[in-house]
Amino acid sequence: MAMDVCGLLLDEAPDAFVVQSPEGIVLHWSRSAESIFGYPADEVVGRDLLDLMVPADRAEEECGLRRDALESGFAAIESLRRCKDGSLVFVAISAKAVRDGQGRPQYLIVCMLDVTQLKVMRDAKLVDARYSKLLESMPDGIVLVNASGRIVFANSQAEAMFGYEAGHLRGLPVEMLLPERLRGGHVAHRSAYFGQLRTRAMGMGLELYGLRQDGSEFPVEIGLSPLETGEGTLVTSAIRDITERKRIERALHEKNVELAKANAAKDRFLASMSHELRTPLNAIIGFTGTLLMKLPGPLNEVQEKQLRRVQSSGQHLLELINDLLDIAKIEAGKIQLVIEPVDCRAVIEDVAATLRPAAEGKGLGFAIEVVDDELRLSTDRRAFSQILINLVQNAIKFTERGSVTIRLARRVEGELALVEVSVRDTGTGISGEDLQRLFAPFARITPRSGKFAEGTGLGLHLSQKLAGEMGGRITVASAPGVGSTFALVLPEG
Amino acid sequence: MAARILLVEDNPANLELVSYLLEAYGHSVLIAEDGRQGLELARREHPELILSDLRMPVMDGFEMLRHIRADATLNAVPVIAVTAFSMSGDQTRVMLAGFDGYISKPIIPETFVGEVEAYLKAGRRKAGPAADP
C-alpha cells in the first residue's frame, strides 16, 4: 500500500503547518494547527494571524519574524499565541520564504510547535533552583504562573490548601484552582495583568474563591507580584485561605443584626411600659384629686389625711417611673441632648425662683453667688436644669437649719477651663461610708433621725449619668454635721 | 361658659375621670371609645372641642385627626391630645401631626379643667406645627 507522505505530513505532523502570502494572509491552515489553536481552517484562511492570534505585546515580534524570513529566507522565534478559547500557548515558530522564478517572495511557510509544557519545565527548573527554599518557607500558599497561565511552581502550603499531591499542580492551567464560574473572567484578567504588571496587595479586589481538587470551594485572599527571571516574567500569587475569617465575620454580622433587633425590642418595651404604667396612675392620681377637691362631697379629717397619702404615694410612683425611664434611656444610648449656648446664670435664677419658696418655707437662707459672670457654656439646657433642680432639692431636703447657696464659678484643671455650679448646704452632711455609694441607684443615706427621706432614690444616680452624657461630672465634698457641697462640673465653651 | 366637649378615650377609668371633671364644672361631655366612634360623633354632633387619646384600638388619635382635618364642616373645631407622653420626640410628633394642643397624663385634676377652658377660648392653633413650650 502506497503511503501518502504529503497528506500525512500536512494533516498529522505534530507541528502546526501554515502557508501565508508574503503580506501575511493565511492560505493554508493544517489540521494540526486547528488542533493546537482551536480555530478551524475556514475561520483563518484569508485572514492575518496578527488580527487573530497574536497578543498585542507580541505583534512587533511577529512582524520582525516575517521581515527576517522574507529578507534572509529563514527566521525562528519562541512566542505566545492566543487560542480560540482565550488561553495562551508558548510556541516555537519557524518561517521560511518561498520565492518564484524571478526571486520574488511567493509564500511564507510557517511551522509552529506547541512548547508550552517544555516552557513550564524550563521555568520550573529555574524557579526550583533559585527560589524553592524561600517559597517553601512562606506561610501562605505560593503559586507561580508563567505567561501561558500554567503553574510552574506551587509550594506545599498551596498543594495542601487545594488538596493536590506533591508536584501535581505543576503544568496545570492556573484556572484549575478556580470555580468554573470564575474561570472565563480570570483568563481575561490574567492576560490584562501580564500586560500591566504591578504588585497588588493582599485583600484588595473582589471576593475570590479557590477550588480544591475534590471540587469543594473556599474563600481566598490573593496578593500578586511579578517576578522577572530573564526567561520571561512569572506572576507570583500568595494565596490565603480565609474560611475562618469569613466565618467570624459572618458570625459577627449575625450577632450585630441580633443585637439591633434586641435593642429595637427594648425600645418598644420601654415606650410601652412607660405608657402602660402611667395609664392607671392617671386614674389613681386623678380620682384622689377629685375627692380632695371635694367635688363629690365633703370629707372628714381622716379621709382627707389618708387621701393625701394616696396622692403623695401616687406622685412618688410617677417620679420613680420618670426617673427609671430616663435612666433606661441613657443606658440604651437613646438620650438626645440638644447642645446649644446656655446662659448659666439665667438657668440658675429660674431654678432658684422655683425652689426658693421650699427653702424659705423651712426657714432656710437661700442665696446665689456669681463669682465669674463671663462664662460660656454649650450644653443641653433641660439636662443642665434637671441636674441643678435635683441638687438644690436634695440640699433643701437634708438641711434643717442654716442655708443653701448656689455658686457659679470658673475652675481650671490643667489645660481645661471648666464651669462649676455648686450647691452648698449646712445640712446633716454625709459620712465617708455613705459618700462611697451616694451615686448608686436607691442608695439612700440614713438620716440620724432614723427616718428615711422622701424621694425616689434615683435622683443623684440619674444626675450623675446625665452629667456624664454632657461630658461632665458631679463631685461631692461633705462633713457630717457641717454640710455638703455638690458641684456640677462641665467643660467651658 | 358651658361647652359641648367630645372626649375620645379607650381606658374606662380615664374616661370616667375626665368626663367627671368636665361635668363637675358644668360642661357637657360626648363620649367615644375609639377614633372611628369619635369621628362619627364629631360629624353628627359638631362639638366645640375634642379631647383625644392617641393610642386607641380600631383608629388611633393621629388617624382620627387626619379625617377631622379633611372634613370642611369640622375645620373650626380644636383637637387637643391627652396622652401619656413617654419617649423624647413624642411631643414634637403630636404638634407636627397638627393637634391644637396637648395635655400630659397623668392629668392634674386641680388644673385640668382650666387648661381645657383655655384651649376652648384660644380656638384653632393659628401658628405652624411648632411645639408649644
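The coordinates are above.
Source: prediction; values computed, not measured. (Residues numbered from 1 in each chain as written. Chains lettered and ligands numbered in written order. Predicted model: local features only at pLDDT ≥ 70, side-chain atom pairs only at ≥ 80, totals over all residues. Heavy atoms only, no water.)

**What about the overall build of chain B?**
Stage number 1. A tally of regular secondary structure across chain B gives five helices and five strands.
Stage number 2. Mapped from its N terminus to its C terminus, chain B presents α and β elements in the order β-α-β-α-β-α-β-α-β-α.
Stage number 3. Against the 2.2 N^0.38 benchmark of 14 Å for 133 residues, chain B shows a C-alpha radius of gyration of 13 Å, consistent with a compact globule.
Stage number 4. Projecting the C-alpha coordinates of chain B onto the three principal axes gives extents of approximately 35 × 30 × 30 Å.
Stage number 5. The buried share of chain B, taken over its 133 residues, is 51%.
Stage number 6. In chain B, the share of contacts with a sequence separation of at least 24, taken over all contacts with a separation of at least 6, comes to 63%.
Stage number 7. Taken as two groups, the 13 positive and 19 negative side-chain charges of chain B have centres that lie 7 Å from each other. (Helix = DSSP H or I, 4+ residues; strand = E, 2+ residues; numbered from the N terminus. Rg over C-alpha atoms; globule rule 2.2 N^0.38 Å. Buried < 20%, exposed > 50% of the residue type's maximum accessible area, 1.4 Å probe, protein only. Contact = heavy atoms within 4.5 Å. Lys, Arg positive; Asp, Glu negative; His and termini not counted. Charge placed at Lys NZ, Arg CZ, Asp CG, Glu CD.)

**Details of unusual backbone geometry**
Residue and element names in this part refer to chain B.
Stage number 1. Note that the residue after Lys 105, namely Pro 106, is joined by a cis bond; omega there is 0°.
Stage number 2. By secondary structure assignment, the location of Pro 106 is in the loop between β5 (101-104) and α5 (109-122).
Stage number 3. Positive phi values are uncommon outside glycine, yet His 46 reaches one of about 45°.
Stage number 4. Judged by its relative accessible area of 35%, His 46 falls in the partly exposed class.
Stage number 5. Notably, Val 58 is not glycine yet its phi reads approximately 65°, a positive angle.
Stage number 6. Note on placement: Val 58 falls in the loop between β3 (49-52) and α3 (61-69).

**Comments concerning the sheet that holds strand β12 (residues 365-370) of chain A**
Residue and element names in this part refer to chain A.
Stage number 1. Spatial strand order, β12-β14-β15-β17-β16: five strands in an open sheet with mixed pairing. Each edge of the open sheet carries a strand with a single partner, namely β12 and β16 (473-479). Put simply, the sheet's adjacent strands are angled 20° from each other on average, direction ignored.
Stage number 2. Sheet topology places β16 next to strand β17 (residues 483-491); seven bridges connect them, and they run antiparallel. Paired with Arg 473 across the two strands is Val 489, which belongs to β17.
Stage number 3. In the packing of helix α14 (residues 459-469) onto the sheet, the strands contacted are β16 and β17, and the crossing angle to β16 comes to about 135°. (Pairing = 2+ DSSP bridges. Axes fitted to C-alpha atoms, helices over the stretch in contact; angles between N-to-C directions.)

**Topic: the state of the cysteines**
Residue and element names in this part refer to chain A.
Stage number 1. Going through the model one piece at a time under the given rule, you end up with zero disulfides over all chains.
Stage number 2. Free of any disulfide, Cys 63 has its nearest cysteine sulfur in Cys 111, 20 Å distant.
Stage number 3. A relative accessible area of 32% places Cys 63 in the partly exposed class.
Stage number 4. Here Cys 83 is not cross-linked by a disulfide; its sulfur's nearest cysteine counterpart is in Cys 111, at 17 Å. (Disulfide = S-S within 2.5 Å.)

**Section: the pairing of strand β8 (residues 208-211) of chain A**
All names here are of chain A.
Stage number 1. The pairing of β8 with strand β9 (residues 217-228) spans four bridges and is classified as antiparallel. When the sheet's bridge partners are listed, Leu 208 is paired in β9 with Val 220.
Stage number 2. Counted along the chain from β8 to the antiparallel partner β9, the turn is five residues long, and its residue Gly 215 has a positive phi close to 95°.

**Some words on the environment of Glu 244 of chain A**
Stage number 1. Tracing the chain through its elements places Glu 244 of chain A in helix α9 (residues 243-292).
Stage number 2. Considering only alpha carbons, one finds Glu 244 of chain A and Asp 123 of chain A, 121 residues apart in sequence, at a separation of 34 Å.

**Regarding the packing of helix α2 (residues 35-45) of chain B against α3 of chain B**
Relative placement of two packed helices is described by the angle separating their axes and the distance separating the axes.
All names here are of chain B.
Stage number 1. Taken N-terminus to C-terminus, the directions of α2 and α3 make an angle of 25°; their axes are 9 Å apart at the nearest point. Between α2 and α3, the angle falls in the class roughly parallel. Where α2 crosses over α3, the handedness of that crossing is right-handed. Contacts from Gly 35, Gly 38, Leu 39 and Arg 43 of α2 reach α3 at Met 64, His 67 and Ile 68. (Parallel < 35°, antiparallel > 145°, perpendicular 65-115°, else oblique. Left-handed = near helix turned anticlockwise from the far one by under 90°.)

**Comments concerning the interface of chain A and chain B**
Stage number 1. Contacts between the two partners involve 25 residues from chain A and, on the opposite side, 20 residues from chain B.
Stage number 2. Each partner contributes to the roughly 2000 Å² buried at the junction of chain A and chain B, and carbon and sulfur atoms together form 64% of this total.
Stage number 3. The largest share of the area that chain A buries against chain B comes from His 275, Asn 282 and Phe 287 of chain A, three residues that together contribute 30% of it.
Stage number 4. Taken together, chain A and chain B are joined by zero salt bridges.
Stage number 5. The interface formed by chain A and chain B includes two residue pairs in polar contact (both at pLDDT 80 or more).
Stage number 6. Residue contributions to the side of chain A that touches chain B peak at 17 residues, all from α9 of chain A.
Stage number 7. Residues belonging to the side of chain A that touches chain B are distributed by class as follows: eleven nonpolar, ten polar and four charged. (Buried area = accessible area lost by both parts, 1.4 Å probe. Salt bridge = Lys/Arg side-chain N within 4 Å of Asp/Glu carboxyl O. Polar contact = N/O pair within 3.5 Å; in protein donor to acceptor, adjacent residues only side chain to side chain. Nonpolar A, V, L, I, M, F, W, Y, C, P; charged D, E, K, R; others polar.)

**What about the packing of aromatic side chains?**
Stage number 1. For the structure on display, the rule yields three aromatic pairs over all chains.
Stage number 2. Ring geometry for Phe 62 of chain B versus Phe 99 of chain B: centroids 5.9 Å apart, planes at 75°, classification edge-to-face. Taken as a pair, Phe 62 of chain B in helix α3 and Phe 99 of chain B in the loop between α4 (90-97) and β5 lie far apart in primary sequence, 37 residues in all.
Stage number 3. Take Phe 62 of chain B: its relative accessible area is 16%, and that puts it in the buried class.
Stage number 4. Here Lys 119 of chain A stacks its cationic end above the ring of Phe 90 of chain A, 5.2 Å away from the centre of that ring.
Stage number 5. The ring of Tyr 209 of chain A has Arg 181 of chain A sitting right over it, with the charged end atom 5.6 Å from the ring centre. (Phe/Tyr/Trp six-rings, centres within 6.5 Å; stacked < 30°, edge-to-face > 60°. Lys NZ or Arg CZ within 6 Å of the ring centre and 35° of its normal.)

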